[in-house]
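# Coordinates in review
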Amino acid sequence: MATGVRVLLFGPLRDVAGWRERTIDPAPATLSALRRLLADLDQALGAALDGPGVKAAVDKAIAPGDPALRPGCEVAFLPPMSGG
Amino acid sequence: MIRLSDPPIDPGALLTGFLEGRRETGAVVSFTGLVRGDGGVEALELEAYPGFTEPAIEQIIRDAVERFGLDDCLAVHRVGRIAPGEPVVFVAAAARHRRAAFEGADYLMDYLKSRAPFWKKSHEAAGARWVEPTPGDQADLARWETMETR
């Protein structure tokens, strides 16, 4: 049984962080707690996640506000999209 | 339907497959987009979010089918690293009559170019840069948003 959250970064966020996917274990209680934790680990990433147009998706659905996170969920940070 | 493809795509084969087994369709319009090598572009790198990107494009397809009364549509989009001259996207729209098929394919491409969840990096002689929709792409989209539905 997973106890962490899987974090995915897309587009320029991947270049800022130097990684594309990692697991944060144990799972933070909320999206904002996850953001704070990531910013503590990497200040530049924290700033990039707060950048204009960056959206968060929880389990592949855009998550407005500050949703609760559960163990085993997937959080993706999506910078402005380029289109096809 | 939408499919993301890591390997190169064959637009001729896709069109042939799309044409098969039709009795009611009178018109099929297809479009193939190629990577342009101008401006020192050495490759495009397309990143999708599997499981998120496809449903977003399926919604664009459903909107097109409903708006233009299409029979169905196919969209196949490359992901990964794509060299100049290679197809990056193929779309086809089928309808009873040609006008709807032309407009459906046009609409699909305009929405794919600006609304589909892809992140695109342009690898150029001078370095790599992330691409955002151009003002031209936004203007193309605005055509449909101001146009009356027929």
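Residues numbered from 1 in each chain as written. Chains lettered and ligands numbered in written order. Predicted model: local features only at pLDDT ≥ 70, side-chain atom pairs only at ≥ 80, totals over all residues. Heavy atoms only, no water.

Taken together, the contact between chain B and chain A spans 22 residues of the former and 20 residues of the latter. Here chain B meets chain A over a buried area of about 1,700 Å², counting both sides, of which 56% is carbon and sulfur. At the junction of chain B with chain A, the criterion picks out four salt bridges. In this structure, D15(A) engages K121(B) in a salt bridge whose closest nitrogen and oxygen atoms are separated by 2.9 Å. Remark: the boundary between chain B and chain A carries 16 residue pairs in polar contact (both at pLDDT 80 or more). Going through the elements one at a time, strand 3 (41-48), helix 3 (98-115), strand 7 (118-124) and strand 8 (127-131) of chain B are the ones with two or more residues in the side of chain B that touches chain A. Grouping the amino acids of the side of chain B that touches chain A by side-chain chemistry returns 13 nonpolar, three polar and six charged. (Contact = heavy atoms within 4.5 Å. Buried area = accessible area lost by both parts, 1.4 Å probe. Salt bridge = Lys/Arg side-chain N within 4 Å of Asp/Glu carboxyl O. Polar contact = N/O pair within 3.5 Å; in protein donor to acceptor, adjacent residues only side chain to side chain. Helix = DSSP H or I, 4+ residues; strand = E, 2+ residues; numbered from the N terminus. Nonpolar A, V, L, I, M, F, W, Y, C, P; charged D, E, K, R; others polar.)

Attention now moves to the pattern of salt bridges. Across all of its chains, the model carries 17 salt bridges over all chains by this definition. With a shortest N-O distance of 3.5 Å, E145(B) and R115(B) are connected by a salt bridge. You can see E145(B) sitting in helix 4 (residues 135-146) and its partner R115(B) sitting in helix 3, a full 30 residues away along the chain. Measuring nitrogen to oxygen at the nearest pair gives 2.9 Å for the salt bridge that ties E124(B) to R129(B). According to the relative accessible area criterion, E124(B) is buried, its value standing at 17%. Owing to a relative accessible area of 44%, R129(B) belongs among the partly exposed residues under this scheme. Taken together, the salt bridges that share partners define one network made up of R6(A), E21(A), K60(A) and E74(A). (Buried < 20%, exposed > 50% of the residue type's maximum accessible area, 1.4 Å probe, protein only.)

Turning our attention to unusual backbone geometry. Residue and element names in this part refer to chain A. The peptide bond linking D25 to P26 adopts the cis configuration, its omega dihedral lying at 0 degrees. Tracing the backbone shows P26 in the loop between strand 2 (21-24) and helix 2 (31-41). Phi angles above zero are rare outside glycine, and D59 is one such case at about 50 degrees. In this fold, D59 is placed in the loop between strand 3 (55-58) and strand 4 (61-62). For D59, a relative accessible area of 36% gives the class partly exposed. We note that K60 has phi near 70 degrees; this positive angle belongs to a residue other than glycine. Relative to the helices and strands, K60 resides in the loop between strand 3 and strand 4.

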